[in-house]
Amino acid sequence: MSTSASPSGSTPVEPIGDIVVGSVTDRLVEANERYASGFTDPGMDARPVLHVAVVACMDARLDLHDALGLELGDCHTIRNAGGVVTDDVIRSLTISQRALGTRSVVLIHHTGCGLESLTEEFRQDLETEVGQRPTWAVESFRDVDQDVRQSMQRVRTSPFLLHTDDIRGFVFDVTTGLLREIDPA
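Residues numbered from 1 in each chain as written. Predicted model: local features only at pLDDT ≥ 70, side-chain atom pairs only at ≥ 80, totals over all residues. Heavy atoms only, no water.

## Digging into the overall build of the protein
Part 1: Within the protein, the regular secondary structure consists of 5 helices and 8 strands.
Part 2: Written out in order from the N terminus, the α and β elements of the protein read β-β-β-α-β-α-β-α-β-α-α-β-β.
Part 3: Burial statistics for the protein: of 185 residues in total, 33% are counted as buried.
Part 4: When contacts within the protein are restricted to residue pairs at least 6 apart in sequence, those whose partners lie at least 24 apart make up 59%.
Part 5: When the accessible surface of the protein is split by element, carbon and sulfur atoms take 53% of a total near 11,600 Å². (Helix = DSSP H or I, 4+ residues; strand = E, 2+ residues; numbered from the N terminus. Buried < 20%, exposed > 50% of the residue type's maximum accessible area, 1.4 Å probe, protein only. Contact = heavy atoms within 4.5 Å. Areas by Shrake-Rupley, 256 points an atom, 1.4 Å probe, with all protein chains shown as cover.)

## Focus on the nonpolar core
Part 1: Ranked by size, the top nonpolar core spans 23 residues in total, and within it Val55, Leu93, Val105, Leu107 and Val155 carry the most contacts.
Part 2: Elements that contribute at least two residues to this core include exactly β4 (52-57), α3 (87-100), β6 (104-110), α5 (144-156) and β7 (167-172).
Part 3: Here this core gets 4 residues from one element, more than from any other, and that element is α5.
Part 4: Apart from the residues lying within four places of it in its own chain, the contact partners of leucine 93 are Ala53, Val55, Ile78, Val105, Val155 and Leu161. (Core = buried A, V, L, I, M, F, W, Y, C linked by side-chain atoms within 4.5 Å.)

## A look at the sheet that holds β6
Part 1: Taken together, the 5 strands give an open sheet; going across it, the order is β5-β4-β6-β7-β8, and neighbouring strands pair in mixed fashion. A strand with exactly one partner marks an edge of an open sheet, and here the two such strands are β5 (75-80) and β8 (179-182). Going across the sheet, the axis of each strand differs from the next one's by a mean of 25°, ignoring polarity.
Part 2: Summarising the sheet, β6 and β7 pair through 6 bridges and their orientation is parallel. Opposite leucine 107, over in β7, you have glycine 169 as the bridge partner. (Pairing = 2+ DSSP bridges. Axes fitted to C-alpha atoms, helices over the stretch in contact; angles between N-to-C directions.)

## Focus on the pattern of salt bridges
Part 1: The tally for this structure, following the rule as stated, stands at 7 salt bridges.
Part 2: Linking arginine 123 and glutamate 120 is a salt bridge whose minimum nitrogen-to-oxygen distance equals 3.9 Å.
Part 3: We classify arginine 123 as buried; its relative accessible area is 16%.
Part 4: With a closest N to O distance of 2.9 Å, aspartate 145 and arginine 180 form a salt bridge. Of the two residues, aspartate 145 sits in helix α5 while arginine 180 sits in strand β8, which places them 35 residues apart along the sequence. (Salt bridge = Lys/Arg side-chain N within 4 Å of Asp/Glu carboxyl O.)

## What to know about the layout of surface pockets
Part 1: In this model, the largest pocket occupies a volume close to 210 Å³.
Part 2: As for the largest pocket, its lining consists of Asn80, Ala81, Val84, Thr86, Leu115, Leu118, Phe122, Trp136, Ala137, Val138 and Glu139. (1 Å grid on protein atoms, 1.4 Å probe; cavity = no way out; pocket = protein on both sides within 12 Å on 5 of 7 lines; lining within 4 Å. Points joined across faces, edges and corners; volume = space filled by probe spheres on them.)

## Examining the packing of aromatic side chains
Part 1: In this structure the tally under the stated criterion is 1 aromatic pair.
Part 2: Relative to phenylalanine 39, the ring of tyrosine 35 has its centre 5.4 Å away and its plane inclined at 45°; by these criteria the two rings are tilted.
Part 3: Accessibility expressed as a relative area gives 52% for tyrosine 35, which makes it exposed.
Part 4: A residue is classified by how much of its surface remains accessible, and phenylalanine 39, at 44% relative accessible area, is partly exposed. (Phe/Tyr/Trp six-rings, centres within 6.5 Å; stacked < 30°, edge-to-face > 60°.)

Next comes the structure, spelled out in structure tokens:
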């Protein structure tokens, strides 16, 4: 199977059967063009209809809208590695609540998370490789339930958030698709 340069010249284009496929980004841009051709402005603003923000892991196995029965415009979705409540998540939640009217926060971690196999040593390895230590923590964990509790506590105790009475945390099982609620205590 031969490859040739993509139109941008940076990513190889590989033929699959009789079809020539470009880079993943090219595929995404093409999908967007198809999407936009039938797009109609839904006439909504950035305020979520359900007044909820969902903080979850970036894991590709989590289809949050399907798993939670959400539609476009229902919620704010904030995702990062592990679904960890970092300073940047607090920033996003603060804007979500104070400027865009959300009142509830749902935290979703999941089984088999990659952060369970990393350590803070990851930062040291990066420093060795690139000559600069990252300013951020890896936020790895061994106990997903305890990490959900820690994330709930970080949200509940943030002085920047207006609404901390409806904070709930869950673990999504990647093999069954079910949520398991975590007791904050």
